Amino acid sequence: MSGSTYNPFEIAQEQFDNVAEILELDSGTRELLRQPMKEIHFTIPVKMDDGSTKVFKAFRIKHNDARGPAKGGIRFHPHETADTVRALSMWMTWKCAVVDIPLGGGKGGVVCDPHNLSKSEQERLCRGYIRQLANQLGPNLDVPAPDVMTNGQHMLWMLDEYEAITGGRYPGMITGKPVGMGGSLGRTEATGFGVIYVLKSYLQEIGLPVASTTASIQGFGNVAEYAARMYTELGGKVIAVSCWNQKDARSYTFKKQGGCDIDELAAIKDSFGSIDKERALALGYELLPGEDWLKQDVDILIPAALENQITPEAVKNLSSQVKIICEAANGPTTPDSDPLIQERGIMLLPDFLCNAGGVTCSYFEQVQCNMNYFWGKDEVLEKLEYAMTKAFHAVYKLAVEKDLYMRNAAYIIAINRVSDAVKLRGWA
Amino acid sequence: MNNYDSQLYERAKELECLYQVDEVLQNKGLTLPDAMKKLVELIPLGFTQPPACRAQISLWNETYSSEDFSQAQVLYRSPLKIADEQIGEVAVGCICELVDGDCSLLINEIKLLDTIAQRISQMTLEKQRELLVMLDMLSNIDPDMLLRIGEKMRIYLKKKVGAEADHLFDDINLELKGSYGELNTPMAKPSLTDAADLRTKLVAAAAAFLPQGDMYELISRWIKEQRVLALVKTIDNKDTSIRNILDALRRYTKEVKSSNPPSTIETWLIAELAHRFLSTDEDTINLVLDNLKIADFESILERIIGSSTSRGNIGGKGAGLFIAKQILRQAAEAYPELRDIRTPLTWYLATDKMVDFLHYNNLEELNSYKYNSLFDIRNTYDNVVSRIKNASLPPHTVQMLHVVLEEMGDVPLIVRSSSLLEDQRGDAFSGKYKSLFLPNKGTRNQRLEALKDAILEVYSSMYNPDAIQYRLERGLLNSIEQMGILIQEVIGCRVGKYYLPAFSGVAFSHNLLRWSPRIRREDGLLRLVMGLGTRAVDRVKDDYPILVSLGQPELTINQTPDDIRHYSPKYIDLINLEENRFETIEVSRFLREAGDQLPDLHKYVSVYNEGFIENKNSYSLDIKKDELVVTFQHILTSSDIPKKIKLMLDVLSKKMDNPVDIEFAYDGSEIYLLQCRPQGSGLNSIPAPIPQNLQHQDIVFTANRYISNGLVNGITHVVFVDGEGYRALSSLKELYSVGEAVGQLNQILPRRKFILIGPGRWGSRGDVRLGVRVTFSDISGTAALIEVAGAKNSYSPELSFGTHFFQDLVESGIFYIPLYPGSHGTVWKEGFFKSNHNLLGRILPDFAWLSDVIRVIDVPASCFGQTLSIHMNSDQEKAVAFLTKPEPAAYSHPEGSDIQRFFQKTQEDQGHWQWRHYMAQQIADTMDMEGFGVKGVYLIGSVNTGDAGMGSDIDLLLHINELSQEQKCTLEGWLDGWSRALAKINYLQTGHVMNKMLDVHMVTDQDIREGSSFAVKINSLLDPAAPLRILSGKTGLTDNL
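Model, not experiment: these values are computed from the prediction.

Scoring rules and cut-offs
Residues numbered from 1 in each chain as written. Chains lettered and ligands numbered in written order. Predicted model: local features only at pLDDT ≥ 70, side-chain atom pairs only at ≥ 80, totals over all residues. Helix = DSSP H or I, 4+ residues; strand = E, 2+ residues; numbered from the N terminus. Buried ≥ 20, exposed ≤ 12 C-beta atoms within 10 Å, placed from the backbone. Contact = placed C-beta atoms within 7 Å. Domains from an automatic or database assignment. Pairing = 2+ DSSP bridges. Expected span 1.5 Å × (residues − 1). Bend = angle between axes of the 7 residues up to and from the residue. Axes fitted to C-alpha atoms, helices over the stretch in contact; angles between N-to-C directions. Parallel < 35°, antiparallel > 145°, perpendicular 65-115°, else oblique. Left-handed = near helix turned anticlockwise from the far one by under 90°. Nonpolar A, V, L, I, M, F, W, Y, C, P; charged D, E, K, R; others polar. Core = buried A, V, L, I, M, F, W, Y, C linked by C-beta atoms within 7 Å. pLDDT = per-residue confidence, 0-100.

Trainee: Describe the overall build of chain B, with residues and values.
Mentor: Scanning chain B from N- to C-terminus turns up 36 helices and 34 strands. Looking at the 1041 residues of chain B, the share that counts as buried comes to 46%. Restricting to contacts in chain B with at least 6 residues of sequence separation, those with at least 24 account for 72%.

Written out as C-alpha cells, the structure is:
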C-alpha cells in the first residue's frame, strides 16, 4: 500500500502522461494539458433562513477550451476539493473530444451539503455562485450543467441569475434544464440509445446482424432500460436482465431464453429499477442469482449498473460465446481485467465512448438553445446516432490500424484531438 | 334674604337630600356598607347647618358614622324597623362649636330624618325579601340545603372578605371548631343549628358584604348545585345505567353554568365520570380534570354501548383520543387554527360488554385462559378464535349495533381494539390487538353481520398468544384486561371504486431520526403516506413514507430528484368497495385507475420528468402521461397543514406533559385526529438508561450529539474502518475494495451482532474519500452504523448525516450514530479498535492487504468473553458503548417503559439454540444421503455459534454432487417438509411466526475448490461450519481446503 493519499487529480495526470508518452507529445503541450488553464477559487456568502450568514467555498475550473467553450457540471459536495474538480474537468475535456463535439472541459463545485440546506438557501447559493462568476460563464465561454447533488432546478436558478446580470436571454449558458425551459428532448433515452448505436456500428463492422445476437444486461435503471429497448428494437434478443431487489436486499437475474420483453419488464419495475420478482415469475421468467447475468451463453454483455463488476474472476467464468462487452456504466470493468479481456479476444467497447450519449445530448441542448429553435425527439436521436457512430468509427479505425485495445484507442484519439487544437491555436 | 326665601331654601335642600338618599338606596351595585357610608355623608346636607351636622347609622351589628360623630351632641334618633322589629337606627348630631346660635332641630328636619330611616328600612326589607322567601322555603322543604348554603356562604365570604366575616357565623355551629388533625378521640357531634337563626345570619351576611345582585345569583347557583346532588347521587350509585347518567348530566348542564375554576362538586363529578368511563389511572384523571368540563362527557355517553349496570369504560385508545379531542377544542380558543381539527364519529363498545358477551355464551372459562402455558395457548388459540367467532353477541349489543349502523350510514368502518391496558402507561400493545376495516357495503343485514363478525374477531385477539406473552413480559398478566371496542367511521372519500383518505400519517413531537444536524429534536417528525395510515405507523421494509421535519420542512431528507423519486411511497392502503375488502396496491396502479377522480391530486404528487421534479397544477397535470411521484410537495410547502399538525403536537404534548405521537388522516378538506398517545412507543424506540456506574476501562466510546433512542446488546464483532488508513489509500481501486470487503463481511458476520464504524459518510456516492463506498445491501446486517467525524479532515469538520440510504436504515431499524471524537465530554478509545487482534486476514484472506484499514474485532475473544452494548438515550443526548457480560439476545426495539425487563433474559434462550441443534442433527441423521446425492451435511450460522434466538433459522450447508433435476426436487421436497414442520413447532414454542425454518445452502466440489460463496464457511476461522454427518469415503471436502 502506498503511503500517499488518494488523489484523483494525480491519477488523471498519470493517465494523461501515459498517453502523452505514446503520442510523443512535446513538452509544452504536455505541460499545458496536464493541468487546468484557469482556476477560480472563491467564497459565497449566503443568508440562511434563520438570518445568519454562512460562507461557502466554491470552485470553477476550466481545464481546456481549445476545442470550444468549456463544458462541465457543478457539484454540491461537502468534501469537495480543488483536486477532485481539476481531475473531473480534465476528464470532461477528453470526453467531449472523443465524441468530437466542439467543447472543452471544465468543472465546478461548492463545498456544501444540500441535505443541510433548505430549498431557498440552495437557491441563494446558486445565485451567489453565478454572481461571483458571471463574467466567466456564457454560451461561448463556459457552460455548466448538473452534477452530483445538483439538478435542473439549480440550473434554472443559475440561468435566471445570469440573465438578470447580463440583461438578456441566454439559455445556452447552462444545460440540464427541463424540457420547455430550454431543455432538450431525448435526454432520458440518450445514454442508453448511445450505447446501442456504438454496439450496432461495431456489429456492422464485423458483419454480424444485430438480430442474430443475444445479450445479457446488468441493471434495469434508465440507461439499461433504454439500451435494452433500442437493442430489442433492432432485433437483438435480451436473454437476461439482472437487477437489485430492494425488498430482499439482494439482486436477481431474470432470464427468458426466448428473449425478454422489455416493455413487460419495465411495466413491473419500480423507481429503484427493481423488477417485481413474483410478477416476473408469473410472466414466465426464470429467477437466478444476481451474479448469473455474467454466466449466460450470450454474445454481448452490457454492464449498465455498477462499477467494478467485471473482475478477473468473472472474466474466467464468462461463457465462451461472449464476444463483446459493452460498457454502459461508468467503470464496470476493473483495470486488472482489461488484459484478460484482451487476451480472450473479447471486444470491449469502453465506457468513455459508449456512454457519451449523455454529454452529446447536453451539447445538443446548448446548440438548440443558442439558435433558440428546438428539435423534435426524432431529430435529436437521429443526430445522436450520427455523432455516436462517427465517434465509434474513428476510435475503431485507430484501434484496428494500430492494433490497440479500444480503451486505449479512445484515450489516444481524445488527447490527440485536443493537442491538435492547442497546437493549431498556437498555444504550444 | 327674607324668612320666606330662607324657608324655601331649606325645603329645597331637604328635598335634594332626599333625592340623593333615594338614588343611593336604589343603586343595586352597592353593598350595604357602601350604601350606608355614602348615606352618613349625604344626610347632613339636608340640615340647616351642614358643616356642623353629623350622622350615624347602626344596622344590625354594624355602625357607620361621619368622621367626628363622637364629638357631636346627638339631637335625634330615628329607629330602623322591619316588621316592628328594630334592626338599628339613624342618629343626627351637631358639633355645637361650629354653630353660631341654637343647635336644636327643626320639625322639618326631624321629619326628614324619619323619612330617611323609613326608606332605609324599606330598602333593607326589599333586599331581604327575595332571599328570605327563598331561604324560608328551603328551611321548610330542605333544611339540609340551608345548612349547606350557610357553609358555602361562610367559605365564600372568607375567601372574598377575609377574617372580617368570620364573626358573623361565630355562634352558629356550621362546622366543628378546632382541629380535625391529630386528635385520636372521636369528635363531638355538632348540635343542630337553629334554622331561623341561620337564616337571619345568612341574610345579614348577604346584606353586609355582597351587592344585592351577586348574592342572589350566588345563592341560586348554590341551590342549583345542591340540586345537582341528584346527579352526584346518580353517579355515585355504581349501578346506574348509562342512560340515567346521561339524563342527569343533560339536566345538570342545562341548569348550571360551569364555573371557573370548577367547584369541588364539579371536580368530583368530572373525576368520577373519568374514573367510570375513561380510565382509573391517576395521571389520566388529573389530565381530565385539567382539561374537561362536565358537559364534555355527553358526547361519550351518547355513543357508549355498555351493560345495564355500566361497569366498563371505553378503553385506553378511546380515552386517549377523547381527551386529546377535548384538549384541542379548548386550545382552539387561543389558537383558532385548531378549530377545524376533527375526530371521526366514534361509537364505544364498553369493556364490560365483553364480560356480558362471555356470560351470554357461557365462555367464562376463557377468563383463566391466560394462565395456560404459552405453548398451550399457541396450540389452542385457533380453537378459541373459532369458538368466539361462532358465539353470538348479547341481544342488547346487537340492538345497539343497529343504532350504530343507522347513524354511520354506509361509510366504511374501522373496528378498533381499545382495551383497558392498551395505550396506558407506555404499554402500547401495538399490533397485538386487532383493528379491522369494514367496507360496510351491502344490505343492512350483511353490514350488521360483518360488523358483528369484526367485533368478535377483535374480542378473540385478546387471547392472542402474542398479546398474552406481551402481558407476561410486562408484568400485566394479573391485571384485569377487558376489551373495549371503538367503531369509527373511516375518514376518506370515494375515489373510483376505492375509498381512502387523501393522505394520512403519524406525527411525533420529538424527532429522533434527524438527518441533518440543523434539525432539532423539538422540530417533530411527520410520516406521511397516501391513503390509509397503516403504512405510516410501522416500518415498511420495501416502501418509504414521506418524512418531514415539522419545524423545518424545508430541510428535506432527499435532495436530488432521483432520490425524491426513489424514496417516495410506492404502495397505498385503501378499501376496495367493489371487492369489499382492505387492499394494498401500488400507488402507480391506483393513480392509473382512479387518479383522475381524486380531487386535488396535484397537491399530493409531483411529476418526475427527465431528472426534474416538477409541481404541476390541476390544469397542467397529465395523469396518463406524466410520471407521478408522491411528494405532498404542495401540502408541505403551500398549505397550513404542517403548521397545524405541529401546533397540535405542541398543544397536546404541553398539556400531557409528555411528548406525544398522533395518528391523523386528511379527507381532502379537514384533518382528523385518529389517535393520541405518549410518545415512546411505535416507531421510536424508548430511551435506554445510560448506566452510571461503568468502569472507565469498559467504555469504548460515548457520543453526545444527535442521539436517537435505542439499545443494542450482545455485539460480538466490530468492523472498524480506520480513517487515517483509509485516507492513506492511494488508488480508487483500493478505496473501492474497502467497500467490497465490508460487503463480504456483512454476509459472513452474524446478522445484527456486529457494528460498522467508519470515517465520514458511509455509502457516499460521490467522492469515495468521503466515506466507504457501500450500497445498502453491503451493510444490511449491521446492528448500528457509526460515522466518525475526522478532526484531521480539514475540508468539512461538520459531519453531515443523510447517508443517502438513511431512509433504508430507518425502515430496517438499523441504528445510526455520528461520533465526534475529541469533542468535549466524549470518550473515544481508538486503542480498542487498533490494538485488538484483527481477524480480517483470516476471514477474508483476499483482503488481508487491507488489514491496516479494516479491523475486524471479535469482541468476546479480545475482551475476556465480554460483548459490546450500546445504549442510546435521546432525552439525555447521550450514547455509550461499553463492554459487558454477554446478554443472550438483543432486543433492539422494546416498546415500553420498563426496559429493565428486557435485560432479564428468559431462560428459554438457551433452549432455542439447543433444540435447533438437536433438530439439525436429526435431519442429518435421517437423511438418505446416498439417494439424495449429498456428501456432507454441515451446520453454519447462529445455531452453530450457539446464539440462536427464537427467530433464528437453521442454516445448513450441504455438500452435494452434481444433482439430477429429479434428485434436486426430491431433496428440496424432503428438506421443505422438515423446514415447515420445524417452523410450526417453533411457532408453538415461541410465537415467532416463520414459514420455513431451514435455510439450506448447497455447494459443489467446484465451489469448494474455488472457495466461492458459502463454501468458505467450511474451513472458516471465524465461525467454521460444523460437520453433522459426512458420507464416509466422500470426505473430499477438507482435502480441498
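We are not done yet, so read on.
Trainee: Please provide a residue-by-residue account of unusual backbone geometry, values included.
Mentor: For A:Asp100, which is not a glycine, the phi torsion comes out positive at approximately 60°. As for its placement among the helices and strands, A:Asp100 is situated in the loop between α3 (82–98) and β4 (104–111). With 16 C-beta atoms packed within 10 Å, A:Asp100 lands in the partly exposed category. Backbone geometry places B:Asp657, a non-glycine residue, at a positive phi of 60°.

Trainee: Tell me what's going on with the domain arrangement of chain B, and back it up with residues and numbers.
Mentor: Annotation of chain B at the domain level lists domain 1 (3–131), domain 2 (346–490), domain 3 (498–673), domain 4 (696–903) and domain 5 (908–1040). Here domain 3 of chain B and domain 5 of chain B have C-alpha centroids that lie 44 Å from each other.

Trainee: Explain the sheet that holds strand β5 (residues 304–305) of chain B residue by residue, including any values.
Mentor: Residue and element names in this part refer to chain B. In spatial order, the strands read β5-β6-β9-β7-β8; together these five strands make up an open sheet with mixed pairing. Both outer strands of the open sheet, β5 and β8 (435–438), are each paired with one neighbouring strand and no more. Note that strand β7 (residues 413–419) and strand β9 (residues 483–489) share seven bridges and pair antiparallel. Bridge pairing links Arg 416 to Leu 486 in β9.

Trainee: How would you summarise helix α6 (residues 187–205) of chain A if you had to cite specific residues and measurements?
Mentor: Residue and element names in this part refer to chain A. Counted at 1.5 Å a residue, the expected span for α6 with its 19 residues is 27 Å, and the 27 Å between its end C-alpha atoms agrees. The largest bend along α6 reaches roughly 30° and is located at Phe 193. Summarising burial for α6: 15 of the 19 residues are buried, a large majority.

Trainee: Tell me about the sheet that holds strand β27 (residues 815–819) of chain B, and please be specific about residues and values.
Mentor: Residues and elements named next belong to chain B. The mixed open sheet is built from five strands, whose spatial order is β27-β26-β25-β24-β28. Edge strands, defined here as strands with exactly one partner in the open sheet, are β27 and β28 (854–858). Within this sheet the neighbouring strands show an average axis-to-axis angle of 15°, counted without direction.

Trainee: Lay out the packing of α6(A) against helix α7 (residues 222–233) of chain A in plain terms, naming residues and giving numbers.
Mentor: Residues and elements named next belong to chain A. Taken N-terminus to C-terminus, the directions of α6 and α7 make an angle of 55°; their axes are 7 Å apart at the nearest point. Classified by the interaxial angle, the pair formed by α6 and α7 is oblique. α6 and α7 meet at a crossing whose hand is right-handed. On α7, the residues touching Thr 188, Glu 189, Thr 191, Gly 192, Phe 193, Val 195 and Ile 196 of α6 are Asn 222, Val 223, Ala 224, Glu 225, Tyr 226, Ala 227, Met 230 and Tyr 231. Considered class by class, the residues forming the contact of α6 with α7 number nine nonpolar, four polar and two charged.

Trainee: Pulling in residues and values, what's your account of the pairing of strand β26 (residues 784–788) of chain B?
Mentor: Residues and elements named next belong to chain B. Counting buried positions over the five residues of β26 gives five, a clear majority of the element. The alternating pattern of β26 places Ala 784, Ile 786 and Val 788 and Leu 785 and Glu 787 on opposite faces, both of which are buried. When strand β25 (residues 754–759) meets β26, the two strands line up parallel, connected through five bridges. Counterpart to Gly 758 in the pairing with β26 is Glu 787. By the bridge criterion, five bridges tie β26 to β27 in an arrangement that is parallel. Across the sheet, the residue bridging to Val 788 is Leu 819, located in β27.

Trainee: Just give me the short version of the pairing of β27(B), but keep the residues and values in it.
Mentor: Within β27(B), five of the five residues are buried, which leaves it mostly tucked inside the rest of the structure. Of the two faces of β27(B), the one lined by B:Phe815, B:Ile817 and B:Leu819 and the one lined by B:Tyr816 and B:Pro818 are each fully buried.

Trainee: So, helix α17 (residues 465–474) of chain B: which residues are in play, and what are the values?
Mentor: Those residues of α17(B) that fall on the buried side of the exposure criterion are B:Pro465, B:Ala467, B:Ile468, B:Tyr470, B:Arg471 and B:Arg474. At the C-terminal side of α17(B), B:Gly475 shows a positive phi close to 70°.

Trainee: Would you mind going over the domain arrangement of chain A in detail, with residue names and values included?
Mentor: Taken as a whole, chain A is organised into domain 1 (38–173) and domain 2 (187–354). The centre of domain 1 of chain A, based on its C-alpha atoms, is set 34 Å off from the matching centre of domain 2 of chain A.

Trainee: Got a sec to walk through the packing of helix α14 (residues 374–390) of chain B against helix α16 (residues 444–460) of chain B? Specific residues and values, please.
Mentor: Residues and elements named next belong to chain B. Two elements in contact, α14 and α16, have axes whose closest approach is 9 Å; the angle formed by their N-to-C orientations is 145°. The way α14 lies across α16 gives a crossing that is right-handed. Residues Val 384, Val 385, Ile 388 and Lys 389 of α14 form the contact with α16, whose participating residues are Asp 453, Leu 456, Glu 457, Tyr 459 and Ser 460.

Trainee: I'd like a rundown of the nonpolar core, residues and numbers included.
Mentor: Among the nonpolar cores identified, the biggest contains 200 residues, and B:Ile455, B:Ala507, B:Leu652, B:Ile662, B:Leu673, B:Val718 and B:Ala784 are the most heavily contacted of them. Per element, the largest residue contribution to this core is eight residues, and it comes from helix α12 (residues 315–331) of chain B. Those residues in contact with B:Leu673 that lie beyond four places of it in its chain are B:Leu321, B:Ala324, B:Lys325, B:Leu328, B:Ile341, B:Thr343, B:Ile662 and B:Phe664. In this structure, A:Val241, A:Ile262, A:Ala305 and A:Val380 belong to the second largest nonpolar core, which totals 131 residues.

Trainee: Quick rundown of the environment of A:Leu287? Include the residues and the values.
Mentor: All names here are of chain A. Of note, Leu 287 is situated in strand β9 (residues 286–289). The exposure class assigned to Leu 287 is partly exposed, which follows from the 15 C-beta atoms found within 10 Å. Remark: the alpha-carbon pair of Leu 287 and Ser 27, spanning 260 residues in sequence, is separated by 56 Å. Once residues lying within four places of it in the same chain are set aside, the contact partners of Leu 287 are Tyr 252, Phe 254, Lys 277 and Leu 281.

Trainee: Tell me about the confidence of the model for chain B, and please be specific about residues and values.
Mentor: All names here are of chain B. Residue-level pLDDT values for chain B average 80, and 83% of them are 70 or greater. Between the elements of chain B, mean pLDDT differs from a low of 35, seen in helix α30 (residues 900–903), to a high of 94, seen in strand β11 (residues 498–500). Long-range and interchain partners of residues 174–182, a stretch whose pLDDT sits below 50, account for eight contacts in this model, where long-range means more than four residues apart. Throughout residues 793–799 the model reports pLDDT below 50, and contacts reaching past four residues in sequence, or to other chains, amount to ten contacts.

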